[in-house]
Structure formats: structure tokens, C-alpha cells
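# Descriptive analysis of the structure
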Amino acid sequence: MSDVILEARGLTKRFRSREEGRRYFTAVDGASLSLHPGETLGLLGESGSGKSTLGQMLVGLIRPDEGSVLYRGETLPFPFRGLPRQKIQILFQHPEVSFNPQLTLRQSLSEPFRLRKQLATDEALTACIARFGLYPEHLERRPSALSGGELQRAALARVLVMEPEVILLDEPTSMLDVITQAQIVDFLRRYQEETGTSYIFITHSTSLAEQVCRRIVRVKEGKLLDSEKE
Amino acid sequence: MTKLKSNKAMLAGLVIIAFFVLVACLADLLSPYDPSALGVAYQKPSAEHLLGTNDLGQDIFSEMIYGVRVSLFLGIFSALIVTFVGSTLALIAGYYGGAADRIICALTDIAMAVPSLPLTLLLIAYLKSGVFSLVLAISITAWTGTARILRSRVRQICQLPYIKIEKTLGVKTPVILFRHVLPNLKDILLTRMALSVSGAMMTESGLSFLGLGTYGQKSWGNILHFAFFRNSILRGQVWWYLPPIICICVAVMGFMLVGYYGQQKKD
């Protein structure tokens, strides 16, 4: 078994440009990186540097124009299917749009259970949210009736039902209050110690990256810079 | 319900629609005469014939009541087809993007560029006369607006994190489309459908007025056609040509008010 859980080899993504005289702009340019089991890798860069595009290619949401993503040494076809699809998950920055506004939390949380062919019983759903300080009455609410902090905790609970090995955290705490930020960061750290899950932590905050990540890769204008903290 | 009460335009539209639907359902009970039964021609309005009689002695009030059925059926059925075709194409274009999007957008642009009335007339000329031919001819040119508007909205929704999360969870595409995208289009769908019904009713009235409508079945456009064809304006028979015009206007207004409410909410 490879000691690298997720690897990017020469990932490149171009988008159509609206600027005159320029057909395409390169959002990510030949990015290569590797993620080891149980580590937290920080992708640090300014807004528009291409870190989110790179992250979304790593989780199989955007098809790269060039390069490949490898999971445990195996090249993944796009879109990801089967076990890699289950084991590589994402948590977004905006909790208020991380849930279908038409569904209750119960309905949204039942989805990963169904996908894993498990019964979404009251006990299972309650246990799933209880460790994030949410209660059974939250299950019957729609996203509009929950706070940002509650939604982000519920989003994390939903992701963890899949028992992922890699979670891409795309600025997961930037929209939250300080207390909820600390709760989520603390929970993620404990969960990593318990399960050996790997994180890719996307942020523009150097201090947060240094606090959370074991290794930091800086992203600038779509390119990865060799700046690592060990 | 409270939201509905606060929006008087929507409420008025719904009352109008409910009234016409009720009339269509109870036509057999409400109609004093068989609309095809012959009698004394060109009678003025009286207690016996509320809106007088036409050139064949048929009771115009009974014709009007039965006319609701055909006009409403045509409008609603055409709108269902238009909404189905428009939303299916919009879902495919908006969700998959890329080549599928470009092909559907090009198809929509071409269909929009074709003048709809001549194409509808051409289709009616080739198709067998009847309600279903009329529905098909109206629908085939009317889906473009719905497809274009919904496609933009689907694209917006598909960029939202919750759709991306569903994809990373491994939820299948049909489930994403029908459980997570479509329900979030319901306001705009309602609006487009209401506007499609009014558009289809107007087209049907226009075609029937030109004599290309449903022969043998009474519709408001059909009544209007015969009223003009038999010189009711020159004869000063207001009771013959005015009621279908008023009914078409009020029914179209009803659906447009419902559409207006949806548009307002979306804005």
C-alpha cells in the first residue's frame, strides 16, 4: 500500500477568459502535491490564487484539463466512482448554502446513510449530530431555521457519515464566530487523532494555516510555491 | 396562506382561475341549453337567452360556458408540455454544461429566431384538425422562453455548495436533478407555467379567430370567429362578440397575475 493517500500530478485547469485578446486564463498550472495519511496539508493563498479550483480538482468536482489525481497510487477517472468517491469528501466555506433549502436536516442527513446502504434511524441520526452539540429537534428544521454555526456542524456531521479518509476543508471556519471556529478546529484535530483522516485545509489566513496544518503549500497565480512548514 | 393574503395580485389571479375552472367543471349544470342545439337565430339578450342567440339560433351563454373547457384545456395542456420540454432541456443544459449546453442554447436561439405565428399556422395546415394538433402546434414554438430562463437558474443552483456536496457524496445525477435542483425551481416554474397558459390561450384564440381552431368544439376564439364572420359588429350585436373578448382578457389576466406574483417573489 502506498504511504501517499492522495496525489496530484501536474494538475492544470484553464477557464474561458472574458478579457479581450485572451481566450483562456490558467487557474491552476501544473500543480503536483501529495497528501499522507493522518496529515493536514494547508493550501495557502490569496483570493483568486487558484487554491479552491485545485481543491475541487482533488475531490473530483472539476475535471482537470491536464494531469491526474491518484488515490492510494491508483489514477482516478473523472468523475470519481466507488470507494474513492466515498472516501474523499469536502466541507465548504458557506454553511448557509451547504444544504438544500427545501429539505429538513433529517432529510439531508439521511442521504449519506442511504448511499452507504444503512438505515437512517432516529438513533443513528441523533448520534450523528449529538457529538456536534446538536439536538433531535434540530433534525426537523430547514436550513433557514438554523444558525451558520449549527449548519456548519451539521455539514461536518453529514460528511463524517461517509467515514472519509480525506476531507477537503475549503475555508470551513471563515464564516463562523470565534467560539464555533475553535469548536470545529478542535473537533477536527481530535477526529484526526482517532481515525487518521487526512485534511487539505484551504485558507488565506497564514496564522490559521500555521496553527492547524503540519505542512503548508503556498499557491500564487495558479502555481504551487515551495514553502513548507514541517 | 398569510403570504398569499398579503399578495393581492396573486390572490386575485387565483380567484379568477378558480372561477373559470369551476365553470368548466360544472358546465353541464350551469349551461341552460345544449350549445349545439339550434333555435331562433339572432335573438337579443332576454331572460330566456341571457346573451341572445347566434346565426344558427344557438344559445351564446351556453356556448360561452362550454367554451371555458376548450380554452382552459388547451391553455393548461399546452403549458404542461411547454414546461416539461423547457425544464427538461434547461436541466440538461444547466447541469451538464459544456457541449450539451452549447447545443441546447443554439437550438433555443434558432427556435426563438423562427417567427412563431407563421410556424404555428404551417403546422396546423399540415396536422389533422383537432384539439391535440392545436396543443402540439402551440407547444412546439412556445418552450424557448421557459428553457432559456430555467437554464440560467439551473446553472446558478448547480454552482451552489450543496449541489457540489451531493456530487462528492456520490448521489446519482437523476437524484440530484429531481430532488435537489427541480424543487428549487418551483417558484420560477409556477411563474413560467402561468405565463405559458395565458400565452397558449391567446394563441388559441388568435388561431380560432382566424378559422384555424377547433372545429365542432366551442372555444371562445371560435365564438369570436363566427361573430365577426357573421358581421356581428355591423349588426351591433355586442352581446355576441364582446363576452368572448372579455372572458379571454379576464382569464389571461388571471394567469398573468399568478405569474406576476411568482416573478415578484423571484426578484
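Residues numbered from 1 in each chain as written. Chains lettered and ligands numbered in written order. Predicted model: local features only at pLDDT ≥ 70, side-chain atom pairs only at ≥ 80, totals over all residues. Heavy atoms only, no water.

### Some points on the sheet that holds strand E1 (residues 6-16) of chain A
All names here are of chain A. Overall, antiparallel pairing links the four strands, which are arranged E2-E1-E4-E5 in an open sheet. Across the chains shown, the open sheet's two edge strands, defined by having one partner strand only, are strand E2 (24-35) and strand E5 (74-75). In this structure, strand E4 (residues 66-71) lies alongside E5, joined through two bridges in antiparallel fashion. Its bridge partner being in E5, Tyr71 is matched across the sheet by Glu74. Each of E1, E2 and E4 is contacted by helix H1 (residues 51-58), which is oriented at about 125° to E1, the strand it contacts most. (Pairing = 2+ DSSP bridges. Helix = DSSP H or I, 4+ residues; strand = E, 2+ residues; numbered from the N terminus. Contact = heavy atoms within 4.5 Å. Axes fitted to C-alpha atoms, helices over the stretch in contact; angles between N-to-C directions.)

### Structural notes on the sheet that holds strand E6 (residues 88-91) of chain A
Residue and element names in this part refer to chain A. Sheet architecture is open: six strands sit in the order E6-E7-E8-E3-E9-E10, paired in mixed fashion. The sheet is open, and its two edges are formed by E6 and strand E10 (223-225), each paired on a single side. Each strand of the sheet is rotated relative to its neighbour by a mean of 25°, with strand direction disregarded. Note that strand E3 (residues 40-44) and strand E9 (residues 215-220) share four bridges and pair parallel.

### Things to note about helix H7 (residues 131-158) of chain B
Along its 28 residues, H7(B) runs 38 Å from first to last C-alpha, staying within 8% of the 40 Å computed at 1.5 Å per residue. In the structure, H7(B) departs most strongly from a straight axis at Ala142(B), where the bend amounts to approximately 35°. (Expected span 1.5 Å × (residues − 1). Bend = angle between axes of the 7 residues up to and from the residue.)

### Let's talk about the confidence of the model for chain A
The pLDDT averaged across chain A works out to 91; a share of 97% of its residues lies at or above 70. Confidence, read as mean pLDDT per element, is least for helix H7 (residues 206-212) of chain A in chain A (89) and greatest for E6(A) (96). (pLDDT = per-residue confidence, 0-100.)

### Notes on the pattern of salt bridges
Applying the stated criterion across every chain yields a total of 20 salt bridges over all chains. Close ionic contact of Arg72(A) with Glu165(A) constitutes a salt bridge, the shortest N to O distance being 3.2 Å. One end of the pair, Arg72(A), is in the loop between E4 and E5; the other, Glu165(A), is in the loop between helix H5 (148-161) and strand E7 (166-170), with 93 residues separating them in the sequence. Asp55(B) is paired through a salt bridge with Arg230(B); the nearest N and O atoms lie 2.5 Å apart. Within this pair, whereas Asp55(B) is found in the loop between helix H3 (27-30) and helix H4 (60-96), its partner Arg230(B) is found in the loop between helix H11 (220-229) and helix H12 (238-266), the two being separated by 175 residues in sequence. (Salt bridge = Lys/Arg side-chain N within 4 Å of Asp/Glu carboxyl O.)

### A look at a nonpolar patch on the surface
Residues and elements named next belong to chain B. Side chains of Phe73, Ile76, Phe77, Leu80 and Phe132 sit close together on the surface and give an oily, nonpolar patch of about 440 Å² of accessible area. Looking at the nonpolar patch, the element that brings in the most residues is H4, giving four residues. Note that Ile76 resides in helix H4. (Patch = residues over 30% accessible without salt bridge, like charges linked within 9 Å, V, L, I, M, F, W, Y side chains within 5 Å. Areas by Shrake-Rupley, 256 points an atom, 1.4 Å probe, with all protein chains shown as cover.)

### Remarks on the interface of chain B and chain A
Counting from both sides, the interface comprises 18 residues of chain B and, opposite them, 23 residues of chain A. Carbon and sulfur atoms make up 59% of the area that chain B and chain A hide from each other, which totals about 1,800 Å². For the chain B face of the interface with chain A, the top three residues by lost area are Thr168(B), Leu169(B) and Arg179(B), together amounting to 36%. Linking chain B with chain A are 11 residue pairs in polar contact (both at pLDDT 80 or more). Elements supplying a minimum of two residues to the side of chain B that touches chain A: helix H8 (161-169) and helix H9 (173-181) of chain B. Here the side of chain B that touches chain A gets eight residues from one element, more than from any other, and that element is H8(B). The residue inventory of the side of chain B that touches chain A, partitioned by class, reads eight nonpolar, four polar and six charged. (Buried area = accessible area lost by both parts, 1.4 Å probe. Polar contact = N/O pair within 3.5 Å; in protein donor to acceptor, adjacent residues only side chain to side chain. Nonpolar A, V, L, I, M, F, W, Y, C, P; charged D, E, K, R; others polar.)

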